[in-house]
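Here is what each chain is made of, one letter per residue.
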Amino acid sequence: QVQLVESGGGLVQPGGSLRLSCAASGSIFSIRAMGWYRQAPGKQRDLVATITSHSTVNYADSVKGRFTIARDNGKNTVYLQMSSLKPEDTAVYYCNTVPMAMFDWGKGTLVTVSS
């Protein structure tokens, strides 16, 4: 069973930047399209960025131009570079496969954007 471990979250001021990482166990990672999801308090979990096994990317309108998703198949890791952060980006961020989450969810990493 693949395990997902997210890291890199923290407290950042509006306009700041963070880079999130998601490390996956198992070589099956390299053939899967992956995505970053986020869940704000009291809201549903939403998909914000996706990357295929060939690194074709797509973004939700809310983060387009500010977030960049990337992957390193050799390290079984997917990244999310976030810049120009806004308070509404505050959420727990998770990674998983797309279009459906096939792996067990990790614990996520909390991003708090506040002054």
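Structural notes, computed from the coordinates. On a predicted model such as this, the values are computed, not experimentally measured, just so you know.

## Quick notes on the overall build of the chain
Along the backbone of the chain there are zero helices and ten strands. Moving toward the C terminus, one meets the helices and strands of the chain in the order β-β-β-β-β-β-β-β-β-β. By the compact-globule yardstick of 13 Å for 115 residues, the chain fits well, its C-alpha radius of gyration being 13 Å. With the principal axes as the frame, the chain shows a C-alpha extent of 40 × 25 × 20 Å. Counting over 115 residues, the chain shows a buried share of 42%. A separation of at least 24 residues holds for 54% of the contacts in the chain among residues at least 6 apart in sequence.

## Topic: the sheet that holds strand 9 (residues 91-97)
One open sheet holds the six strands; their spatial order is 2-10-9-4-5-6, and the pairing between them is mixed. The sheet is open, and its two borders are formed by strand 2 (10-12) and strand 6 (57-59), each paired with just one other strand. Across this sheet, the average inter-strand angle for adjacent strands is 30°, counted without regard to direction. The pairing of strand 4 (residues 34-39) with strand 9 spans six bridges and is antiparallel. Its bridge partner being in strand 9, Trp36 is matched across the sheet by Cys95.

## Quick look at the pattern of salt bridges
Using the criterion set out here, one finds three salt bridges in the structure. Across the pair Asp61 and Lys64 runs a salt bridge, and its minimum N-O distance is 3.2 Å. Of the charged contacts, one joins Asp89 and Arg66 as a salt bridge, the two residues approaching to 2.7 Å between their closest N and O atoms. On the criterion of sequence distance, the pair formed by Asp89 in the loop between strand 8 (77-82) and strand 9 and Arg66 in the loop between strand 6 and strand 7 (67-72) is long-range, its members being 23 residues apart. Across this residue pair, the class does not change: Asp89 and Arg66 are buried. What you see here is one network of salt bridges that share partners, running through Arg38, Arg66 and Asp89.

## Side note on the sheet that holds strand 7
Strand pairing within a sheet occurs via backbone hydrogen bonds; the two strands may be parallel or antiparallel. Read across the sheet, four strands follow the order 1-3-8-7 without closing on themselves; strand pairing throughout is antiparallel. Only two strands of the sheet have a single neighbouring strand rather than two, namely strand 1 (4-7) and strand 7. Put simply, the sheet's adjacent strands are angled 15° from each other on average, direction ignored. Strand direction decides the pairing type here: strand 1 and strand 3 (residues 18-24), joined by four bridges, are antiparallel. Residue Leu4 lies in a different strand from strand 3, and its bridge partner there is Ala24.

## With respect to the nonpolar core
If you look at the biggest cluster of nonpolar residues, it comprises 27 residues, and the most contacted ones within it are Leu4, Trp36, Ile69, Leu80, Met82 and Tyr93. Of all the secondary structure elements, the ones that give two or more residues to this core are strand 3, strand 4, strand 5 (45-51), strand 7, strand 8, strand 9 and strand 10 (109-113). The element best represented in this core is strand 3, accounting for four residues.

Conventions and cut-offs
Residues numbered from 1 in each chain as written. Predicted model: local features only at pLDDT ≥ 70, side-chain atom pairs only at ≥ 80, totals over all residues. Heavy atoms only, no water. Helix = DSSP H or I, 4+ residues; strand = E, 2+ residues; numbered from the N terminus. Rg over C-alpha atoms; globule rule 2.2 N^0.38 Å. Buried < 20%, exposed > 50% of the residue type's maximum accessible area, 1.4 Å probe, protein only. Contact = heavy atoms within 4.5 Å. Pairing = 2+ DSSP bridges. Axes fitted to C-alpha atoms, helices over the stretch in contact; angles between N-to-C directions. Salt bridge = Lys/Arg side-chain N within 4 Å of Asp/Glu carboxyl O. Core = buried A, V, L, I, M, F, W, Y, C linked by side-chain atoms within 4.5 Å.

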